[in-house]
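Coordinate analysis (summary)
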Amino acid sequence: MTPELSLGLAALGTFFGAAMQRVTGLGFALVSVPFLMLSLGPREGVLLANLLGLCTCIVVAVTTWQNICWRRTLTLILGAAVGIQLGAWTSLAIPAPYLMIATSAMVLVSLSLVSGASTRVTQALEASATGWQWKSRVLAGTISGFMNAAAGIGGPPVVVFGKAVRWPQMSFVASLQAYFIVLNAMALATKGMPALHWATVVTVLASLAVGVGTGFLLHRRIPQAIALRFTVWVAALGSLAVGIRGLLLIL
């Protein structure tokens, strides 16, 4: 892959991820991770996704902090603290090509849950979460922390939990920002910061700023259902490319 193509993929994933994060409250990792992994490799790509996700959520949280439900958010963080340790160990233990394939599979399964395709799973979780919300929050946080540290994708388990307990949308989106600030900070503290060329830093920061700005302009103009559908398709195409890339490296 040429340096220009690598930078282009990183910029594209960062831009769309940041824009969708502002419009829907999630989507940065789902969209950006496949592109960043193709651009920088599985480990550096995930670390950069953690760092950029942290920055994006801080920016979005400035305008949504008053709607955060701290009780639910702190319980999710409690579970995530355990999951991150397991995920960090897994990311170091699995060879890069297999990690790419595993990440691709996790993204595709996650997209199925987030998009509502797996209605039976969501209904089953709804039935169990109603009577066990505290335990359900810890479990969702643990799975989310594991996926975030291993593959940079921590949103889907929390989204499924939010659907199951019918978490009000405004509070849910705001709480996600606070949760992901802490989640990504813990992941970076556990695994370290990414080693990046200055050109990559400039490119992704510029793409991040433009993406967040675009999201602010669009979040009142684009219905969430359409934005989420777009997020799912972009993330699915990127994750398929990552899985194919991993298979080619093995073969």
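Just so we're clear, the structure is a prediction, and the values are computed from it rather than from any experiment.

Side note on the overall build of the protein chain
Looking only at helices and strands, the protein chain has 11 helices and zero strands in total. Across the protein chain, helices and strands are ordered from the amino to the carboxyl terminus as α-α-α-α-α-α-α-α-α-α-α. Taking 251 residues into account, the globule formula puts the C-alpha radius of gyration at 18 Å, and the protein chain, at 17 Å, falls close to it. Principal-axis analysis of the C-alpha atoms places the extent of the protein chain at approximately 50 × 40 × 35 Å. Within the protein chain, contacts between residues at least 6 apart in sequence are counted, and of these 85% link residues at least 24 apart. For the protein chain, the computed accessible surface area is about 11300 Å², with 73% contributed by carbon and sulfur atoms.

A word on the packing of aromatic side chains
Overall, the coordinates contain three aromatic pairs when judged by the stated rule. Their ring planes at 65° and their centres at 5.2 Å tell us that Phe-15 and Phe-16 sit as a pair that is edge-to-face. Residue Phe-15 is classed as partly exposed on the basis of its relative accessible area, which comes to 22%. Residue classification places Phe-16 among the partly exposed positions, given a relative accessible area of 24%. Just above the ring of Trp-167 sits the side chain of Arg-72; from NZ or CZ to the centre is 5.0 Å.

Notes on the side chain of Thr-56
Relative to the helices and strands, Thr-56 resides in helix H3 (residues 42-61). Thr-56 gets classed as buried once you look at its relative accessible area, which sits at 1%. Those residues in contact with Thr-56 that sit more than four places away from it in its chain are Ala-18, Gln-21, Phe-28, Leu-208 and Val-212.

Some remarks on the environment of Leu-247
With respect to the helices and strands, the residue Leu-247 is situated in helix H11 (residues 224-250). For Leu-247, a relative accessible area of 46% gives the class partly exposed. The sequence separation of Leu-247 and His-219 amounts to 28 residues, and the corresponding C-alpha distance is 37 Å.

Comments concerning the nonpolar core
Judged by nonpolar contacts, the single largest core of 30 residues is most densely connected at Leu-30, Val-33, Leu-36, Met-37, Leu-52, Leu-111 and Ile-153. Of all elements in the fold, only helix H1 (3-24), helix H2 (28-40), H3, helix H5 (96-114), helix H7 (133-151), helix H10 (198-218) and H11 reach the threshold of two or more residues within this core. Apart from residues lying up to four places away in sequence, Met-37 is in contact with Pro-42, Gly-45, Val-46, Leu-99, Met-100, Thr-103 and Val-242. In this structure, Ala-140, Val-158, Val-159 and Val-165 belong to the second largest nonpolar core, which totals 18 residues.

Details of the UniProt feature "transmembrane region" (unreviewed entry) in the protein chain
Mapped onto the present numbering, the UniProt feature "transmembrane region" (unreviewed entry) falls on residues 45-62, 74-92, 98-117, 170-189, 195-218 and 230-250. End-to-end, the C-alpha atoms of residues 195-218 are 33 Å apart, and along that stretch the chain is 88% helix and 0% strand.

Brief notes about the packing of helix H8 (residues 155-164) against helix H9 (residues 169-191)
Packed helix pairs are specified by the crossing angle of their axes together with the interaxial distance, meaning the distance between the axes. Packing of H8 against H9 leaves a shortest axis separation of 12 Å and a crossing angle of 150°. Comparing their axes, H9 and H8 come out roughly antiparallel. Like other packed secondary-structure pairs, H8 and H9 cross with a definite hand, here right-handed. Across the interface between the two elements, Gly-155, Val-158, Val-159 and Gly-162 of H8 pack against Phe-172, Leu-176, Tyr-179 and Phe-180 of H9. In the contact of H8 with H9, the residues fall into six nonpolar, two polar and no charged.

Considering the state of the cysteines
Overall, the coordinates contain zero disulfides when judged by the stated rule. No disulfide involves Cys-55; its sulfur sits 9.5 Å from that of Cys-57, the nearest cysteine. Of all cysteine sulfurs in the structure, the one in Cys-57 sits closest to Cys-69, which takes part in no disulfide; the separation is 17 Å.

Reading the values: rules and limits
- Residues numbered from 1 in each chain as written.
- Predicted model: local features only at pLDDT ≥ 70, side-chain atom pairs only at ≥ 80, totals over all residues.
- Heavy atoms only, no water.
- Helix = DSSP H or I, 4+ residues; strand = E, 2+ residues; numbered from the N terminus.
- Rg over C-alpha atoms; globule rule 2.2 N^0.38 Å.
- Contact = heavy atoms within 4.5 Å.
- Areas by Shrake-Rupley, 256 points an atom, 1.4 Å probe, with all protein chains shown as cover.
- Phe/Tyr/Trp six-rings, centres within 6.5 Å; stacked < 30°, edge-to-face > 60°.
- Buried < 20%, exposed > 50% of the residue type's maximum accessible area, 1.4 Å probe, protein only.
- Lys NZ or Arg CZ within 6 Å of the ring centre and 35° of its normal.
- Core = buried A, V, L, I, M, F, W, Y, C linked by side-chain atoms within 4.5 Å.
- UniProt positions renumbered as here; feature names shortened; annotations may be inferred.
- Axes fitted to C-alpha atoms, helices over the stretch in contact; angles between N-to-C directions.
- Parallel < 35°, antiparallel > 145°, perpendicular 65-115°, else oblique.
- Left-handed = near helix turned anticlockwise from the far one by under 90°.
- Nonpolar A, V, L, I, M, F, W, Y, C, P; charged D, E, K, R; others polar.
- Disulfide = S-S within 2.5 Å.

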